[in-house]
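# Geometric and topological summary
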Amino acid sequence: QVQFVESGGGLVQPGGSLRLSCAASTTVFSIYVMGWYRQAPGKQRESVAQITGGGITNYADSVKGRFTISRDNAKNTVYLQMNSLKPEDTAVYYCNAYVDSVRQFWGQGTQVTVSS
């Protein structure tokens, strides 16, 4: 099992910034890929960004140039710096971690609301 502590969500104005954090802990697995997904009401969950232990990143086209994913491998913590936020970024953001090529675990989610 993998436990998560996810934080950093909240209400922000368009054009503003937020920084999400997710600390994963496990005594039985090694964590490889970590990332963030989001889900808005009535919509499917979508991948936002992922990062490998070696620092290779992948971003959704909708957030490229605005969001930056990073991680601290020693702490099994992943971050998402979100800049130039738009109303369409409003969603519940979920932390995700892979412990092998197919097995993944999910955090509880944190609400991000972008509104005037």
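Before going into details, it helps to say that this report is about the structure given with it. What you see is a predicted model; the values in this text were computed from it and never measured.

This brings us to the state of the cysteines. A complete count under the given rule lists one disulfide for this structure. In this model, Cys-22 is linked to Cys-95 through a disulfide, with the two sulfur atoms separated by 2.1 Å. Its S-S torsion of approximately -90° makes the covalent link between Cys-22 and Cys-95 left-handed. In this pair, Cys-22 sits in strand β3 (residues 18–25) while Cys-95 sits in strand β9 (residues 91–98), placing the two residues 73 residues apart along the sequence. When sorted by exposure, Cys-22 lands in the same class as Cys-95, which is buried.

In total, this model carries two aromatic pairs according to the counting rule given. Considering the side-chain rings of Phe-29 and Phe-105, the 5.7 Å spacing of their centres and the 40° angle between planes classify their relative orientation as tilted. Taken as a pair, Phe-29 in the loop between β3 and β4 (34–39) and Phe-105 in strand β10 (residues 104–106) lie far apart in primary sequence, 76 residues in all. We classify Phe-105 as buried; its relative accessible area is 16%.

Our next topic: the pairing of strand β5 (residues 46–51). Both β4 and β5 contribute to a ladder of five bridges, which runs antiparallel. For Gly-35, the partnering residue across the bridge sits in β5 and is Gln-50. In sequence, β4 turns back onto β5 through a hairpin of six residues, with Gly-42 there showing a positive phi of about 75°. What sits between β5 and strand β6 (residues 57–59) in their antiparallel hairpin is a turn of five residues, with Gly-55 showing a positive phi close to 95°.

About the criteria used
Residues numbered from 1 in each chain as written. Predicted model: local features only at pLDDT ≥ 70, side-chain atom pairs only at ≥ 80, totals over all residues. Heavy atoms only, no water. Disulfide = S-S within 2.5 Å. Helix = DSSP H or I, 4+ residues; strand = E, 2+ residues; numbered from the N terminus. Buried < 20%, exposed > 50% of the residue type's maximum accessible area, 1.4 Å probe, protein only. Phe/Tyr/Trp six-rings, centres within 6.5 Å; stacked < 30°, edge-to-face > 60°. Pairing = 2+ DSSP bridges.

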